[in-house]
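Analysis of the macromolecular model
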Amino acid sequence: MRITLGVTGGVAAYKAAELVRRLQQEGYNVQVVMTRSAREFITPLTFAALSGQKVITDLFGDSSGSEANLESAIEHIAVAQRTDLLLVAPATADIIAKFARGVADDFLTTLYLASTAPVVIAPAMNVNMWNHAATQENVEMLRARGAKIVEPDEGYLACGMTGPGRLAGLEEILAAVREVTKSQRDLEGETILVSAGPTCEDLDPVRYITNRSSGKMGYAVAEAAAKRGARVFLVSGPVNLETPAGVERIDVRTAEEMHRAVVEQFAQASVAILAAAVADYRPVERRGEKIKKGVAPLAISLEPTTDILAAVARNKGEKIVVGFAAETDHVAEHARKKLASKNADLIVANDVTAEGAGFDRDTNVVTLFSRDGRDLALPKMPKSEVAQRIMDEVIRLRALRQAPAARHSNV
Ligand code: CTP
């Protein structure tokens, strides 16, 4: 789990050094981001030495070279995507106000807006600043957005006053981090099989038939499932993507190979999410030598491949099976038909012609059609976020399935 620790300017900034050590001892990977005022209280070198990672201090690097600036400007997006939890300790009244109002004028505030990770905030400030209606309103606003606030302790403050405002104890902050990360691991105990990417059906040693597919959606699903604690097997067609952390990947090329690998892995899976763009047809004959060019029209005979989704869903028993539907028209109608004909529990349908959807993009626009009749139309969002929503729906369907059994056992 990757934690980004935001350190802001306050006397308590030195306590964040011990926090880094404790988080690391608990197995978290910690990236420190410091605001300008934090650097008045403690040096980045302290955190760099403790975390073993470069500390991020600016939105735009100190260097005036345009390349360095560009690198720095896009780095917050990369850090945002890598972050599993954003922790700010100590958090000043200023950073709380900026987060609440969406001001993005440095690295940490920009990261807050760019990240979808859960947020934990441990405020520390003067008692009057903490009690001020402006701060309390801002804190409430963040809480309403889902941030976990680790309330400051009461006591003697550096400013000489006594009251609430002292950074909460490390144990309390660590407990909040544990609680939030645990709730993120709601797929622990599940074994999830994901298929992704295209398949390639060879005509001869140099040519093949394939589908347009980057594999990004399936890889995002595998990554989300692994981060939420599932054991994940990813059966992947040829793609140009890195294997997500903690995912066991099985590479295949053809629909037949994918069929074999999926059936094999399905035996041990509790959930299957088949996002691959499997070729529906393959050449009847694969030539051993390259087909030579001629003047006459060339006819290629194709035969259907196995519908992998339908094949595994036929005997799914208690397992949850999710399919995708890439459509260009009548999306809902086709998706509902696929849900029934393939015996799936959920179909993730997208209109590949819609703006912000489809191939080789980082965003998607989908509707989730569930077995129990629910249609959930999602707005355009990053594929990583779509993946999270799919996992939420899997958990909902699992609970629905278990509910009658639970009632039965109570009788
Ligand atoms: N699928 C599969 N095996 C195939 C074809 C498709 O497992 N041979 C799965 C895909 O992984 C996806 C779902 O079926 O989860 C729907 O794929 P899609 O291409 O949208 O639908 P098809 O069933 O191929 O129907 P059509 O191409 O006629 O729309």
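Quick notes on the rules
- Residues numbered from 1 in each chain as written.
- Predicted model: local features only at pLDDT ≥ 70, side-chain atom pairs only at ≥ 80, totals over all residues.
- Heavy atoms only, no water.
- Helix = DSSP H or I, 4+ residues; strand = E, 2+ residues; numbered from the N terminus.
- Polar contact = N/O pair within 3.5 Å; in protein donor to acceptor, adjacent residues only side chain to side chain.
- Contact = heavy atoms within 4.5 Å.
- Patch = residues over 30% accessible without salt bridge, like charges linked within 9 Å, V, L, I, M, F, W, Y side chains within 5 Å.
- Areas by Shrake-Rupley, 256 points an atom, 1.4 Å probe, with all protein chains shown as cover.
- Salt bridge = Lys/Arg side-chain N within 4 Å of Asp/Glu carboxyl O.
- Pairing = 2+ DSSP bridges.
- Near = heavy atom within 4 Å.
- Buried < 20%, exposed > 50% of the residue type's maximum accessible area, 1.4 Å probe, protein only.
- pLDDT = per-residue confidence, 0-100.

What about the side chain of Lys 316?
Turning to its location among the elements, Lys 316 is positioned in the loop between α11 (308–314) and β16 (320–327). Within polar-contact distance, the side chain of Lys 316 engages the side chain of Asp 345 at 3.2 Å. Residues in contact with Lys 316, not counting those within four places in the same chain, are Phe 266, Val 321, Asn 343, Asp 345 and Arg 401.

Observations regarding a nonpolar patch on the surface
On the surface, Tyr 281, Leu 298, Ile 300 and Leu 302 cluster together into a nonpolar patch covering about 400 Å² of accessible area. Mapping Leu 302 onto the fold places it in strand β15 (residues 302–304).

Remarks on the sheet that holds strand β4 (residues 119–123)
If you trace the five strands from one edge of the open sheet to the other, you get β2-β1-β3-β4-β5, paired in parallel fashion. The sheet is open, and its two borders are formed by β2 (29–34) and β5 (148–149), each paired with just one other strand. Across four bridges, strand β1 (residues 2–7) lies against strand β3 (residues 85–91) in parallel orientation. The partner of Leu 5 across the bridge, within β3, is Leu 87.

Focus on the site of the ligand
Taken together, the neighbourhood of the ligand is formed by 16 residues, with Leu 274, Ala 276, Leu 309, Phe 324 and Lys 342 sitting nearest. Ala 276 is positioned with one of its backbone polar atoms (N or O) 2.7 Å from an oxygen atom of the ligand. Between the ligand and Thr 305 there is a distance of 3.4 Å, counted from a nitrogen atom to a side-chain nitrogen or oxygen. When the free accessible area of the ligand is taken as 570 Å², the share hidden by the protein chains comes to 76%. Examining the composition of the shell around the ligand, we find that four residues originate from one element, β16, more than from any other.

Regarding the pairing of strand β9 (residues 200–204)
Both faces of the sheet carry side chains from a regular strand, because those side chains alternate between them. Where burial is concerned, most of β9 is hidden: five out of the five residues are buried. With four bridges joining them, β9 and strand β10 (residues 207–210) adopt antiparallel strand pairing. By the bridge assignment, Glu 201 is partnered in β10 with Ile 209. Hairpin connection, β9 to β10: the antiparallel pair is bridged by two residues.

Quick look at the confidence of the model for the chain
Taken over all residues, the pLDDT of the chain has a mean of 91, while the share at 70 or more is 94%. Taken as a whole, residues 407–411 scores under 50 in pLDDT and shows zero contacts with residues more than four places along the chain or in a different chain.

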